[in-house]
Amino acid sequence: MISPRMATGMQEKQYTPSLLNFFIYNPKFGPREGEEEKKILFYHPSDVEKNEKIRNVGLCEAIVQFTRTFCPSKPAKSLHTQKNRQFFFEPEENFWIVMVVRNPMVEKPNKEGKPPTIEYQEEEILDTVYGAVLQQCYSMYKLFNGTFARAMEAGGVELLTQKLEKFFYRYLQTLHLQSCDLLDVFGGISFFPLDKMTYLKIQSFVNRVEESLSLIKYTAFLYNDQLIWSGLEQDDMRILYKYLTTSLFPRHSEPELAGRDSPLRPEVAGNLLHYGRFLTGPSNLKDPEAKFRFPKIFVNTDDSYEELHLIVYKAMSAAVCFMISASEELGREFCEQLDGLVGPQLTLLASDICEQYNINRRVSGPDKEPQFKFIYFNHMNLAEKSTIHMRKTASVSLTSVHPDLMKILGDIHADFVRVDEDEEIIVKAMTDYWVVGKKSDQRELYVILNQKNANLIEVNEEVKRLCATQCIVTRHLNGYTQTLYLALIVSLLWNAII
Amino acid sequence: MAADVHNKAVPWETANGSLAPVERLRQDRCDSPTPGLVEGTEPGAGQDSHMFVHAQSFEDLTADGDDTRAEAAGSENTSRLGEPADEGAQGLPSEEEQVEEKESHPGSRAKEEDVTSEAWRRHRKHVFVLSEAGKPIYSRYGTEEALSSTMGVMMALVSFVEAEKNIIRSIHADGYKVVFLRKSPLVLVGVAQTLQSERDLSRELHYIYYQIISLLTLTQLNHIFQHKQNYDLRRLLAGSEHLTDNLLKLLDRDPGLLLSAVTCLPLSSSVRDVISSSLQAAKAKNLVFSILLAGSHLVTLVRKKDQYLHHMDLHLLFNLVGSSSSFREGEGWTPICLPKFNTAGFFHAHISYLEPGTDLCLILVSTDREDFFNLSDCKHRFLERLRRRTAYQALQEALKNPSYSVSQVGIPELRHFLYKSKSSGLYTSPEFPVPYQSEEEQERIMELYQYLHSRIHHPTRPLRFIYCCGESENLLAWVTSGFELYLCFSPLGTKALAVSAINKLLKWIRKEEDRLFILSPQTY
């Protein structure tokens, strides 16, 4: 007597990969038996029973120690089990971060009374992707908190555990493990394509501001969530960019989209000259209660170890980050000065860029659905471009292709990593899609072709054509470095005039 | 039916030894412009029933339920054939018989190695076998004694994860991986610096596991450990390490184990047919399989009707013959379990070389342990019969060239290839050309094939086709329902050339299939 309704109730349930545990330990902190708990600096979820925490940390220690038998300098990076995968990362000496991800699974209902059968899908998680996610966790922590070692120097284990607790409690909730893919491995930066004139305008704007407000140490300029100019080191910019585009900007985009009269929209009264506003620090300068506290970030942690105020200021689609040494006191006076100087100029600049951008778009013609989709990444300047991903939001990254194809891209990338030479791999998936991966000269290009009946030669021709158009991108990037050089001369001249 | 041209493929699969249509079929096969992509019509496909248990290549090897499936495959026969091994006390003596024999050739195992040295760590592939009590059973490099604490840790890791109702699979680090295989009552661990996938390494560990089963039977192995959990299995396996050593070498170098297929000695079909029928004529009541080998090449295989040999069991037989020189000295008689046929019972194999100084080795597999003289008689009957025929001369001649050069195919950029006919379970491959003649280079190209194989046969993201351009060679793999093809080109070869090479090569194989494959296998 099974009705159709009941039959639908009997359907399989699919579970995506999820975070089981995340913990940080230092094996040196509780070397004696009975003191194992002292090794644990952070443990998620926190309500796990003490003995289980100790057991799980013990397993990781054992695995790492065991692999040193075979290669003392390269211990384990991941452990595969039927139910989950564990990723190990030692960012600083003796500090280990471990992330345990449950394999995706299918729950198949059984006949009445019997518990459902669970089938774990063990081949779905890619080590390269989740290994990169784990490293990103540390980089993000370090950006806002500095290194573990510095915290230990400043306030011992107590301060470190406090910092870890405060940061990871919130951060882990923003990890969306089900939608991680190759782009997380690259952790690249999307650059905004721009003509030379406009680029120079931005460059001289940055110089003028840095000149007038000499407290500013570094500046970064973004438009439409894409980077145009940065004075930071690449690795610092990469993680700051990640923070801006996946956390800060999405949080502030909603009030902007809201209408002018919406209560969500921050007060702009009396500021008719420009659309500039602070994304960090004071939300309204006119508010007498306004607080002038900015988030602190840590850059160049390997050498000069700088702690900086992060000021993010935005006008329309243009956003600028100003970074000022944390030892400086920033108050109302400075913020008003900055608002008065940057606001009007940035508003103008933003509309200039917008206009230019629209002209360029018109020239290149309307986008028609292409026969292919691609991901491009350049290891030298971290430039990345993807036509596979729709806009990345805070919560999910939407891709326009089947997840299995994304995983094949990941597989090909993993093959490239193993061999340190230029390679090309062309595969035809069971769904008849062609996937091409090309690695040459520090650049990687991945193409998915939707021509099911094509043969190898036709696929090759198609990719050649695409590479030719991609060359424009590459040339653009070369042009970009050239422009940098020009910009340097211009700024020198500018300084000379002043 | 005859008029239905498109349905030609159908009768081949069901054709059951009736000779009449074969000639016509052979005609059709040659005529087909592109060799059939359909299983059973590809070059090398047997015309009658196939020789082997129909294996979906390596998937069935690593599938979890493979034991039960293998038993199911031969279940009807198992009861009649394969001597039951659970004779308790009686099982063991037969075992010792075997051990004695093995001890006569301990081989040259240089095992005394410092297991903390850099040289020990640098070995490309370590393999460890241990019991569930953590007792060492086998180590490829270094003595088991020196490694007993390492193996203790391995067992501890396995049981720790099991305590959480979970199963440990593998550990991955930069440049190497550790793969665990739990096959109660044994635990096998591989540590490899190769490019092989986790599944591929697990497949190799399965081989090692079945190698041990082939010496003991699973029934006996279970029996031993049920009685004494911390039994030192090395006592029973003493002297057989060289079999495992040799099998590991084969796994690194022999494409057959990768492809789950066997390669044949190139021989004109008329000669092969004469040899097969001579072998067929030399039958005995309890004889199940007669196998004639030339080195690592199969000359012919005759089997009892309805009995199929699994390619893995055949590889284990190959390994047994290839790793012992004692069979050259006279007629050997050894119990052997063919685990893919039946993990519970022993067969008894009569192994001997046809003549002193030849590579031709005859393996006669019987179900009766008292059959030695019967089988010895079979061998003599076969040899007598064969000697009277001119085919024997032709066979001797063929032995001089057990392989062929890739240049015969006539594609200058093609360096090497593997072609497997899925339905017959046979493959063909030329000898390794100049750039791949050293052992190291051979293992390197095998590693590349292993890489292609694991990508193509990925358990959840299988591919139809893969082409890789590297700096040292260009590789191509293509799998259809009928065949698997792996090609290695010089790095100068273009994609267009690769595409045309596939067609040219398939046509060549079709033309040569009479020589390269066994198209009409025989039964008693």
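Computed from a predicted structure; not experimentally measured. (Residues numbered from 1 in each chain as written. Chains lettered and ligands numbered in written order. Predicted model: local features only at pLDDT ≥ 70, side-chain atom pairs only at ≥ 80, totals over all residues. Heavy atoms only, no water.)

> Pulling in residues and values, what's your account of the overall build of chain B?
Scanning chain B for helices and strands turns up 19 helices and 18 strands. A total of 524 residues make up chain B; the buried ones form 60% of that total. Summarising the internal contacts of chain B: among those between residues at least 6 apart in sequence, 68% fall at separations of at least 24. A total accessible area of about 20,200 Å² is found for chain B, and carbon and sulfur atoms account for 51% of it. (Helix = DSSP H or I, 4+ residues; strand = E, 2+ residues; numbered from the N terminus. Buried < 20%, exposed > 50% of the residue type's maximum accessible area, 1.4 Å probe, protein only. Contact = heavy atoms within 4.5 Å. Areas by Shrake-Rupley, 256 points an atom, 1.4 Å probe, with all protein chains shown as cover.)

> Give me the overall build of chain A: which residues, what numbers.
Along the backbone of chain A there are 10 helices and 21 strands. Counting every position in chain A, which comprises 498 residues, the buried fraction comes to 48%. Residue pairs at least 24 apart in sequence account for 61% of intrachain contacts in chain A once pairs closer than 6 positions are excluded. Just so you have it, chain A exposes about 25,000 Å², and 52% of that area is on carbon and sulfur atoms.

> So what about the interface of chain A and chain B? Which residues, and what values?
By a frequent convention, interface size equals the accessible area lost on bringing the separate parts together. Taken together, the contact pairs 49 residues of chain A with 48 residues of chain B. With both sides pooled, the region where chain A packs onto chain B buries about 4,400 Å², and carbon together with sulfur makes up 59% of that total. In this structure, the connection of chain A to chain B is made through seven salt bridges. Across the pair B:Lys495 and A:Glu424 runs a salt bridge, and its minimum N-O distance is 3.2 Å. Viewed at the interface, chain B and chain A are joined by 34 residue pairs in polar contact (both at pLDDT 80 or more). For the side of chain A that touches chain B, the secondary structure elements donating two or more residues are α2 (50-67), β4 (76-81), α9 (403-418), β19 (423-429) and α10 (456-497) of chain A. Its residues assigned to classes, the side of chain A that touches chain B comprises 20 nonpolar, nine polar and 20 charged. (Buried area = accessible area lost by both parts, 1.4 Å probe. Salt bridge = Lys/Arg side-chain N within 4 Å of Asp/Glu carboxyl O. Polar contact = N/O pair within 3.5 Å; in protein donor to acceptor, adjacent residues only side chain to side chain. Nonpolar A, V, L, I, M, F, W, Y, C, P; charged D, E, K, R; others polar.)

> Describe the UniProt feature "domain: FUZ/MON1/HPS1 third Longin" (unreviewed entry) in chain B, and please don't skip the residues or the numbers.
When the UniProt feature table is mapped onto this chain, "domain: FUZ/MON1/HPS1 third Longin" (unreviewed entry) is found at residues 413-513 of chain B. Structurally, residues 413-513 of chain B comprises 37% helix and 31% strand, and the distance from its first C-alpha atom to its last is 22 Å. (UniProt positions renumbered as here; feature names shortened; annotations may be inferred.)

> Could you give an account of the sheet that holds strand β7 (residues 105-108) of chain A, with specific residues and numbers?
Residues and elements named next belong to chain A. Pairing is antiparallel in the open sheet, where three strands are placed in the order β1-β7-β8. The open sheet terminates on both sides in strands that have one partner only, identified here as β1 (13-15) and β8 (117-120). With direction set aside, neighbouring strand axes in the sheet form an average angle of 20°. Here β1 runs beside β7; their pairing, made up of three bridges, is antiparallel. What sits directly across from Lys13, in β7, is Glu107. (Pairing = 2+ DSSP bridges. Axes fitted to C-alpha atoms, helices over the stretch in contact; angles between N-to-C directions.)

> I'd like to hear about unusual backbone geometry, residue by residue, with values.
Between A:His44 and A:Pro45 the backbone carries a cis peptide bond, its omega angle lying at -5°. Residue placement: A:Pro45 occurs in the loop between β3 (40-44) and α2. With omega at 5°, the peptide bond leading from B:Ser184 into B:Pro185 counts as cis. Tracing the backbone shows B:Pro185 in the loop between β5 (176-183) and β6 (186-192). One non-glycine residue, A:Asn300, lies in the positive phi region at around 50°. Positionally, A:Asn300 belongs in the loop between β12 (296-299) and β13 (306-315).

> Would you mind going over α2(A) in detail, with residue names and values included?
Over its 18 residues, α2(A) runs 26 Å from end to end, which matches the ideal 26 Å to within 8%, given 1.5 Å per residue. Where α2(A) is concerned, the buried positions are A:Lys53, A:Ile54, A:Asn56, A:Val57, A:Leu59, A:Cys60, A:Ile63, A:Val64, A:Phe66 and A:Thr67. (Expected span 1.5 Å × (residues − 1).)

> Requested: an account of the pairing of strand β11 (residues 345-353) of chain B, with residues and values cited.
Residues and elements named next belong to chain B. Along β11, nine of the nine residues are buried, which leaves the element largely enclosed by surrounding structure. Across six bridges, β11 lies against strand β12 (residues 360-366) in antiparallel orientation. In the strand pairing of β12, Ala349 is matched with Val365. As consecutive antiparallel partners, β11 and β12 are separated by six residues, and within that stretch Gly357 has a phi angle of approximately 80°, a positive value.

> Report on the confidence of the model for chain A, specifying residues and quantitative values.
Residue and element names in this part refer to chain A. Model confidence for chain A is summarised by a mean pLDDT of 84, while 85% of its residues fall at 70 or above. The secondary-structure element of chain A with the lowest mean pLDDT is helix α1 (residues 4-9), recorded at 46, while strand β6 (residues 95-102) shows the highest, at 97. Contacts for the low-pLDDT stretch residues 1-8, under 50 throughout, to residues beyond four places or in other chains number two contacts. Of the regions scoring below 50 in pLDDT, residues 258-270 engages in 11 contacts with residues more than four places distant in sequence or in other chains. (pLDDT = per-residue confidence, 0-100.)

> Can you break down the pairing of strand β13 (residues 414-421) of chain B residue by residue, with the values?
Residue and element names in this part refer to chain B. The buried fraction of β13 amounts to eight of the eight residues, a majority that puts the element mostly inside the structure. Sheet topology note: the β13/strand β14 (residues 426-428) ladder contains three bridges and is antiparallel. Residue pairing for β14: Tyr419 is matched across the bridge by Thr428. The hairpin turn running from β13 into β14, its antiparallel successor, is four residues long, and Gly425 in that turn takes a positive phi close to 70°.

> Which residues make up the packing of α2(A) against helix α8 (residues 148-163) of chain B, and what are the values?
Direction vectors running N to C along α2(A) and α8(B) enclose 150°, while the axes themselves pass 11 Å from each other. In terms of crossing hand, the pair formed by α2(A) and α8(B) is left-handed. Judged by residue contacts, A:Arg55, A:Leu59, A:Ala62, A:Ile63 and A:Phe66 of α2(A) engage B:Thr150, B:Val153, B:Met154, B:Leu157, B:Phe160 and B:Val161 from α8(B). Here the residues of the contact of α2(A) with α8(B) are counted per class, giving nine nonpolar, one polar and one charged. (Left-handed = near helix turned anticlockwise from the far one by under 90°.)

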